Every structure is written in structure tokens, then in C-alpha cells.
Amino acid sequence: MTASTTKNKGKRLLFSLIACLFWLGVWELASLAVGKELLLPSPRRTAVRLYTLAGTSSFWISAGTSLLRIAVGFLSGVAAGTLFAVLTAASRFLDSLLSPLGTVVRATPVASFILLALVWIQASNVPSFISFLMVTPIVWSALKTAILNTDRQLLEAAKVYRLGRLKTVRAVFLPSVLPTYTASLLTSLGLAWKSGIAAEVLCHPRQSIGIELYESKIYLETADLFAWTATVVLLSVGMEALFALLLKRTLAKGERA
Amino acid sequence: MNGLKIENLGKAYAKKPVFAGLNAFFPTGTVCLFGPSGCGKTTLARILSGLEKPDAGTFSGISGPVVYLFQEPRLFPAFTALENVALLGRGNSLREKALGLLTRLGLSEEDCQKKPSALSGGMNQRVALARALLFAENGGGNTVLLDEPFKGLDPATKGLAVGCVKELLRGKITLVITHDGEDASLLSAEAVAFSSLLSPAI
């Protein structure tokens, strides 16, 4: 790593820290202005509640179960979206056949899907299903567009030089689609969390962040509501960072191979 | 006599003819085909390489995959210069051959490890030429099409490239598409005007 890269990284970190402190300050001031913890608890009070909750085993069980549910929904959504993208980019007939499905899923309100899913499947499986439904069309649409926008000239070169399917994928398709594909994965990961937790709030599966959020609201424990929301944000951001790191490492490994 | 025979070939895009009634015979050896831009030289190369279908006519005498050096380098951007050339096959011997060819064309070993985006236009042109020449030797058939192979090369590197083409494509039917009339004499090849092919059957 060069000295200038390290310097830039340090600068970015400093800016992030300043931004974080600035918004915490805004939150603190807003809380002081409102003057009622019931309406807007302060960051300090939220942190104390989060610390207290994190000391209980039920916190970790709820957070872990929600994490697992959303990860299952996200990963199966990525797999389905990737498969649909490859199929619909390869065949016009399949594109005509399957595209309305993607359009309907994108246009339908999440709440309608949650309530319908509650009728069809077990409440504990609804969050995974909803995350899956939200992730699939995003990955599908982004990857299909990226495949179709692949440089035709390079594809011709691959054909003329008889590269074969695997080498064509490695030499032409992967470098072309990866930036869009990874961006769609990271965007859809955030959406998987949002929709998955919304499903938990509406479906009340046992041992979940959603039920904790719902009960905090029912019992007017606003600090708990904020603490659980902070948990979701931390888990979502943490999972996104971990996923981005894994992708970066895999890509670097692929480039070296 | 072995060679590439083209009979009454015709091609049109959106009902606008590029050429029609093209007849030619290219024997084993090198022929330089020249003509103004847009006359259909590249379209002919695309038809012979199998990338386009003709609207009329036939051609015969091609065996095995056609080696086609495009007008643009069309290198794979995620791979180094060496990988672009060695990608055509497997094994260390091919990699060594690729490295040998690239250095012969004037690229340093350091340049060979760079990606196309880090190389100059002339260097990329030479990498693309090396890829075509190596394919001609490993896997390519009896016909080689080089569309402006020396574009953007300075006289010194052009000399290196001409030397490689003359030596490595011996025994092939080689069609060099060019704007530069000097190329035919450099390659000791016959120069044929594209317009002269658009005549009644030979």
C-alpha cells in the first residue's frame, strides 16, 4: 500500500468520524429540544438501552434469528435473480414469459406481499420469503441489463478465437457485468433487511427483532424501539461491509487465478 | 490449385448494397487488398470469418477456423497483454511462445504483464497481432485475414511486425486489408484493388 493511499484512507475515516459525530450532535440537540424521552430518546439513553439489551441472551437469540432469516432470503434471492437474468438474457421467449413476473413483483406494495404470504406460509418463514421477493427482481434486472450491454466486439473476438464458453465468461462477461452485479447485490442487501424486518413486525414470528420492535411500540418503550432499530442498522451495515470485503477478496483471487 | 475461391458474393445492410457480384481467387500466399474506406473490405473479411452471412454468392477453400485480426485490437480488458495472447490455449509452452512473440514484436517483459488500458495504442495493436499470429500457428486454419495490421505502428515496430507476418504465415492464404500501398511491397505480396474484384465471373 502506498503512502498516498494510506493518507487518503485516513482522511476518509476522519471525515466519516466527523460526519458521525455531527449527526449524533443533531440527534442530541433535537432530543433536548423535544424534551420528552418518550417521543425522542437521546443518543446516550439509546446507547444505554442497547448496552443493557446486549447483556441478555434473548437479545442475541432474536438478533441471530433475524440475521439468519434475512440471510436465507437474500442469498436465495441472489441465486434466483442470477438464474432469471441469465435465462432471460439468453432467450427472448423466456424474457417475454418471465418479465411480467418481475414487473408485478417490483410494482406490488411490500405490505400486500407480507399479508398474502402470511396466508400462504408459516409466519416464521415470511421474512425470508419477503427478502427473497425484494432481492430477486433487483439482481435480475441489473444483471440482465449488464449481460445485454456486454461489448459485442469482444464477444466477436471470443468467437473468432474459439475461446469456448467458460473462457468467454471469464474474459468477456465477468469483467463486464461484475461492477453492476456487485452494486446490485449491495443495494438489495439493504432492501432485504428493510423488507425482512417489516415482515417480522407484521407477522410476529417468535424470537425476532421485528417482534421486539412491535412490543417496544405497544409498551411505549421508545428507547427500546431506537435501540432495536440501531441493532438492525448495525447488522445491516456490518453484513454489507462483510459482503463487500468477501466480494473484493473473491474478485482479487479470481484476477490472480 | 489450393486457394480461397469467392463467387458472386453480395452483401447489403438495410437494403443498401455494400458490394455485389464479387469474384476472386486468392492462392496460398499473401495478397494485399486495398481500396477506399467503406468499399466493403472489412465486410468481406467479416463474411469470410463467419461473423456475417452473405446475401448472395458462395466461397470455398477455407479449412479450419479463420484467423481474423480485427481493425481494432479488441483485447480482453481484464487480462494482461501476455494473458490475452496465451488465453487461446493451455500450458506453459504456449505461454512461452506468446512471450517470445510479444518480445519479438518489441514489447518488454514488463509491458507483457500490463493490461491493455496501461499500454499505448501501438502496443495494443502489436498484442492483437501476436494473438492472431499465435492462433494461426495453434488452432487456426488455412486462412488468415489481417485488417489493417500495421495501423498506428512507427516504422521500426512496423518492420518487426512485417517480419513476423512474413515468417509465421508462410503456407497460409493470407489476405491483408490495407490503406497503405507500401504494405504490399514490404510484405512482398501481390496488391489487389478491391474494385477489381467486382467484375463478372472469372
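Structure shown above.
Okay, so let's go over this structure. (Residues numbered from 1 in each chain as written. Chains lettered and ligands numbered in written order. Predicted model: local features only at pLDDT ≥ 70, side-chain atom pairs only at ≥ 80, totals over all residues. Heavy atoms only, no water.)

Within chain B, the secondary structure is distributed over seven helices and eight strands. Counting over 202 residues, chain B shows a buried share of 50%. Considering only contacts within chain B whose residues lie at least 6 apart along the sequence, 74% involve residues at least 24 apart. Accessible area of chain B: about 8700 Å², with a carbon and sulfur share of 53%. (Helix = DSSP H or I, 4+ residues; strand = E, 2+ residues; numbered from the N terminus. Buried < 20%, exposed > 50% of the residue type's maximum accessible area, 1.4 Å probe, protein only. Contact = heavy atoms within 4.5 Å. Areas by Shrake-Rupley, 256 points an atom, 1.4 Å probe, with all protein chains shown as cover.)

Contact with chain B, which involves 22 residues of that partner, is made by 16 residues of chain A. Summed over both sides, the interface between chain B and chain A buries roughly 1800 Å², with carbon and sulfur atoms accounting for 63% of that surface. The largest contributions to the chain B side of the interface with chain A come from Arg 74, Phe 76 and Leu 87 of chain B, which together make up 30% of the buried area. Counting across the chain B and chain A interface gives two salt bridges. (Buried area = accessible area lost by both parts, 1.4 Å probe. Salt bridge = Lys/Arg side-chain N within 4 Å of Asp/Glu carboxyl O.)

Here we take up the pattern of salt bridges. Residue and element names in this part refer to chain B. Within the structure shown, the criterion is met by 15 salt bridges over all chains. The partner of Glu 167 in a salt bridge is Arg 104, and the shortest N-O contact between them spans 2.6 Å. Of the two residues, Glu 167 sits in helix α6 (residues 155-168) while Arg 104 sits in helix α3 (residues 92-104), which places them 63 residues apart along the sequence. Residue classification places Glu 167 among the partly exposed positions, given a relative accessible area of 40%.

A word on the sheet that holds strand β1 (residues 3-13) of chain B. All names here are of chain B. With antiparallel pairing, the three strands of this open sheet are ordered in space as β2-β1-β4. The open sheet is flanked by β2 (16-27) and β4 (56-60), the only strands paired with a single partner. Put simply, the sheet's adjacent strands are angled 15° from each other on average, direction ignored. Pairing analysis gives four bridges linking β1 to β4, with the strands arranged antiparallel. Across the sheet, Glu 7 pairs through a bridge with Thr 58, a residue of β4. Those strands touched by helix α1 (residues 41-48) are β1, β2 and β4, and its axis lies near 115° from that of β1. (Pairing = 2+ DSSP bridges. Axes fitted to C-alpha atoms, helices over the stretch in contact; angles between N-to-C directions.)

Residues and elements named next belong to chain A. Among the secondary structure elements, Thr 182 is positioned in helix α8 (residues 164-203). Relative accessible area serves as the criterion here: at 14%, Thr 182 is assigned to the buried category. Not counting chain neighbours up to four residues away, the residues in contact with Thr 182 comprise Leu 247 and Leu 251.

This part covers the layout of surface pockets. The gaps of empty space that remain are located by a probe, the size of a water molecule, rolled over the atoms. Residue and element names in this part refer to chain A. Considering only enclosed or pocket space, the largest pocket measures out at about 590 Å³ in volume. In terms of lining residues, the largest pocket is bounded by 18 residues, among which Val 86, Ile 147, Val 169, Phe 173 and Val 177 are the most central. Elements that contribute at least two residues to the lining of the largest pocket include exactly α3 (57-90), α6 (126-148), α7 (152-160) and α8. Looking at the lining of the largest pocket, the element that brings in the most residues is α8, giving nine residues. Broken down by class, the residue content of the lining of the largest pocket amounts to 13 nonpolar, three polar and two charged. (1 Å grid on protein atoms, 1.4 Å probe; cavity = no way out; pocket = protein on both sides within 12 Å on 5 of 7 lines; lining within 4 Å. Points joined across faces, edges and corners; volume = space filled by probe spheres on them. Nonpolar A, V, L, I, M, F, W, Y, C, P; charged D, E, K, R; others polar.)

So, on to the packing of aromatic side chains. For the structure on display, the rule yields 10 aromatic pairs over all chains. Their ring planes at 80° and their centres at 5.3 Å tell us that Phe 74 of chain A and Phe 243 of chain A sit as a pair that is edge-to-face. Here Phe 74 of chain A is found in helix α3, whereas its partner Phe 243 of chain A is found in helix α10 (residues 222-256), with 169 residues between them in sequence. Within the aromatic cluster, the residues linked to one another by ring pairs are Phe 59, Trp 60 and Trp 228 of chain A. Positioned above the aromatic ring of Phe 70 of chain B is the side chain of Arg 74 of chain B, whose terminal nitrogen or guanidinium carbon lies 4.0 Å from the ring centre. The cationic tip of Arg 131 of chain B hangs over the ring face of Phe 76 of chain B; the distance from NZ or CZ to the ring centre is 5.2 Å. (Phe/Tyr/Trp six-rings, centres within 6.5 Å; stacked < 30°, edge-to-face > 60°. Lys NZ or Arg CZ within 6 Å of the ring centre and 35° of its normal.)

Residues and elements named next belong to chain B. Taken together, five strands build an open sheet; the order of strands is β5-β6-β7-β3-β8 and the sheet is parallel. Only two strands of the sheet have a single neighbouring strand rather than two, namely β5 (67-69) and β8 (190-193). On average, adjacent strands in this sheet sit at an angle of 20° to one another, irrespective of strand direction. Where strand β3 (residues 29-34) and strand β7 (residues 173-178) come together, six bridges link them in parallel fashion. Residue Thr 30 lies in a different strand from β7, and its bridge partner there is Thr 174. In this fold helix α5 (residues 121-137) packs onto β5 and β6 (143-147), with an angle of close to 175° to the strand it touches most, β5.

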